[in-house]
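Residues per chain are reported as follows:
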Amino acid sequence: MRYAPLKAALVALGALALSPPLAAMPEAAKQHSDTADRALRRGDGLAAEIELKAALKSGATKPDLAAPMGEAMLLQGNFTGARQWLAAGNFGKGTEARGWTALGKLERAQGNLPAAGAAFDKALRLTPKDPALWVEIGRLRYLGGEHRQAEQAADTALSFDPRHVRGLELKAQLVGQSLGYGEAADYYGQALDAAPGDLALMIGNAAALGESGQNREMLTMTRQVLVQAGGAPRAWFDLAVLAARAGDIGTARAMLGRVGERLDDLPAALLLRGAMELEAGNANLAAQLLGRVVERQPANPRGQLLFARALLESGDYKALLTRLGPLAARADASPYLLTIMARAYEEVGDRLAAGQMLDRAAAVTPSVTMPVYEPGGPGTYAAAWQGNQGILGAAVPYVRSLIAAGDKAGAVRVASRFLELHPGSGDALGLAGDAQLAAGNAAAALQLYQAASTVRFPELLLVRIGEASDQIGQGAAMPALVAQYADRFPGSRLALRMAATMAAATGDWAAARALLENLALRGGNGDVRLLADLSYAQLRNGDAKAALDSATRAWLLQPASPAAAQARGMALVELGQQPALAQQLLVQARRSGGDNPLLSAALAKLK
């Protein structure tokens, strides 16, 4: 969406100043209109509607009231009513910009982005320095994938009013995705200084504080939200997240119970509800919730694995094998998923398939990323993309399917076209980077990934930057970037995992151990590879007893894992315990996972 130059807007503003003044509204009607405006400012659409209807009866004209009545309807979610007042564009003198802005918000809410842009254009020609309008433009740009342009709009709004509450809120939302939620919390703090009781700001600030690791401050802010609006579902959700991070599952479930289904349009809320129900033993309900997450976000790795586990524990083996079978069939499937699939095959009596899955799980060295599964080949998505080349939902599956089919040049062509249509989109930059990396152009991919990270920086983008950097010999820069990312996004388990791996590579086993123990305490006690790596770090850090405990946990979770078998065998050798078992474990690890210097050294000590 492109907007008229500021010069043209200023000319239009001058023309507006020469137009006839607004006809006087009867005093009684004006009083009702003023009361309605106060209701709109506090977000009470129903009260505003009542007052505006009274103003109409008292002699106000429909054009005089079209803009505020449209706003009142929007606040109530009554899009049909809002359109009846706004669509004609018949606004009284002095309310035109307000009316076009309200119409733009309506069109945006209903997914009519070009129409929303056209309405905002008309408002911008009338009020080019209105920060509230620039905020709405920014939100529209973000929704349309113009992420960089959205931030420019937020900056424009703040250039006109540095304390504009909604401008600061938008800026917080945007910087949180690129610079981290600590930066976002700073902007929320500035906004709250200007509007201390604003509920939306308080909820957003609480979420940012939690994401940035400031849990005590988040708890304080969330309690303030609950005092001000005890039924606010987002506040209860934030408390549930905080409780879950602390390992208090019972409290987390109680908090989510207060939310009910009011946040079910938010995948993160569905994912947390599903995980909590799974931990509580309610596998059937968990499967329903997590199935909705996977349908909305098929590339969500945590959602995929939790959904698989929920289907297994609910006994729905047929659905598990049908829904997750194609993903498990991929060469880079997760060993955890393969183990789940093996158990499902055992339950349906197919021991051969179960054995094959276990063999694959034992042999694989897991990647830090989960594969993204597209259920069809390029032919499945080509037609949809041809007719919608600028739509993310059409471009992404087509590019991924082309990469999977080996058509790297085709993937680069399609991704480049999408980037051409959305030059400021973090999604477009990342997708183009994926295509270039798959095509072997790591330097080009790195540039695209780095550009994407300035707009949005999800943790999987950090992994891709690492992959591209390694391929062109710039891996030495990664430890500093990973440390910076972990500082900005302390909730990222993946960043901590990468930091631990890098610390181990440099021989800093104390740091590697501390990081891995932190991850194990934060829900990693079911991760076989993490526990095996933790055992190695503890062993190299001089704590063989702790190493044996960690390795035994890993081995009990997956006895066929060569990493778990080697870790347990090495710990037993170091402690001088059960040499026959240690020999058996190390030989098993060599047979299924191949030889390596640490394994050979441990076997040599047994001779």
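Residues numbered from 1 in each chain as written. Predicted model: local features only at pLDDT ≥ 70, side-chain atom pairs only at ≥ 80, totals over all residues. Heavy atoms only, no water.

Enquirer: I would appreciate a short explanation of the overall build of the chain in the present structure.
Expert: In terms of helices and strands, the chain carries 35 helices and 0 strands. Its C-alpha atoms give the chain principal-axis dimensions of roughly 100 × 55 × 45 Å. For the chain, the residues scored as buried account for 48% of the 607 residues in total. Of the contacts made within the chain by residues no fewer than 6 positions apart, 54% connect residues no fewer than 24 positions apart. (Helix = DSSP H or I, 4+ residues; strand = E, 2+ residues; numbered from the N terminus. Buried < 20%, exposed > 50% of the residue type's maximum accessible area, 1.4 Å probe, protein only. Contact = heavy atoms within 4.5 Å.)

Enquirer: Is there a simple way to explain the packing of helix H29 (residues 493–505) against helix H30 (residues 509–521) in this structure?
Expert: In a packed pair of helices, the relevant descriptors are the angle between the two axes and the axis-to-axis distance. It is the contact of H29 with H30, at a shortest axis distance of 8 Å, that shows an interaxial angle of 155 degrees. Considered as vectors, H29 and H30 are oriented roughly antiparallel to each other. The element H29 and its partner H30 pack so that their crossing is left-handed. Contacts from Arg 493, Leu 496, Arg 497, Ala 499, Ala 500, Ala 503 and Ala 504 in H29 reach Trp 509, Ala 511, Ala 512, Leu 515, Leu 516, Asn 518 and Leu 519 in H30. Class assignment for the residues of the contact of H29 with H30 results in 11 nonpolar, 1 polar and 2 charged. (Axes fitted to C-alpha atoms, helices over the stretch in contact; angles between N-to-C directions. Parallel < 35°, antiparallel > 145°, perpendicular 65-115°, else oblique. Left-handed = near helix turned anticlockwise from the far one by under 90°. Nonpolar A, V, L, I, M, F, W, Y, C, P; charged D, E, K, R; others polar.)

Enquirer: Explanation requested: helix H5 (residues 79–86) in the structure shown.
Expert: In an α-helix, one turn spans 3.6 residues; hence positions three or four apart end up facing the same way. Buried within H5 we find Gly 81, Ala 82, Trp 85 and Leu 86. Viewed end-on, H5 has its buried residues packed into an arc of 120 degrees, placing them on one side of the element. Exposed residues lying more than 90 degrees from the buried face of H5 are Thr 80 and Gln 84. Those residues of H5 hidden inside the fold are in contact with helix H3 (45–57), helix H4 (62–75) and helix H6 (96–109). (Arc of directions from axis to C-beta.)

Enquirer: Help me out: how do you make sense of the side chain of Ser 178 in this one?
Expert: Position of Ser 178 among the secondary structure elements: in the loop between helix H10 (165–176) and helix H11 (181–194). Beyond its immediate chain neighbours, meaning those up to four positions away, Ser 178 contacts Ser 453, Thr 454, Val 455, Arg 456, Phe 457, Arg 488 and Phe 489.

Enquirer: I keep staring at unusual backbone geometry and nothing clicks. Help me out?
Expert: Glycine aside, negative phi is the norm for most residues, and most peptide bonds take the trans geometry. At Gln 578, a residue that is not glycine, the phi angle is positive and equals roughly 40 degrees. Considering the arrangement of structural elements, one finds Gln 578 in the loop between helix H33 (562–575) and helix H34 (579–593).

Enquirer: Help me understand the pattern of salt bridges, please; the structure alone is not making it clear to me.
Expert: Side-chain pairs of opposite charge can arise where the charged atoms are in close proximity. Under the criterion given, the structure shown has 23 salt bridges. Ionic pairing is found between Arg 166 and Asp 198, a salt bridge with its closest N-O pair at 3.1 Å. Highlighted residues: Arg 166 in helix H10 and Asp 198 in the loop between H11 and helix H12 (199–211), separated in sequence by 32 residues. Here Arg 513 and Glu 517 are joined by a salt bridge, their closest N and O atoms 2.7 Å apart. Here Glu 517 and Arg 513 lie together in helix H30, a separation of 4 residues that amounts to about one turn. Judged by its relative accessible area of 27%, Glu 517 falls in the partly exposed class. Salt bridges sharing common partners tie together Arg 108, Glu 136, Arg 139, Arg 166, Glu 169 and Asp 198. (Salt bridge = Lys/Arg side-chain N within 4 Å of Asp/Glu carboxyl O.)

Enquirer: When you look at the nonpolar core in this model, what are you seeing that I'm missing?
Expert: Most often, soluble globular proteins keep nonpolar side chains buried together rather than apart. Membership of the largest hydrophobic core comes to 72 residues, with the highest contact counts inside it found for Phe 237, Leu 320, Leu 324, Leu 337 and Met 341. Excluding anything up to four places from it in sequence, Met 341 contacts Leu 320, Leu 321, Leu 324, Gly 325, Ala 328 and Met 357. Val 414, Leu 419, Leu 446 and Phe 457 belong to the second largest nonpolar core, which has 50 residues in total. (Core = buried A, V, L, I, M, F, W, Y, C linked by side-chain atoms within 4.5 Å.)

Enquirer: What exactly am I supposed to notice about the environment of Leu 494 here?
Expert: Looking at the element boundaries, Leu 494 is found in helix H29. Residue Leu 494 is classed as buried on the basis of its relative accessible area of 11%. The spacing of Leu 494 and Asp 407 is 87 residues in sequence and 30 Å in space, taken between C-alpha atoms.

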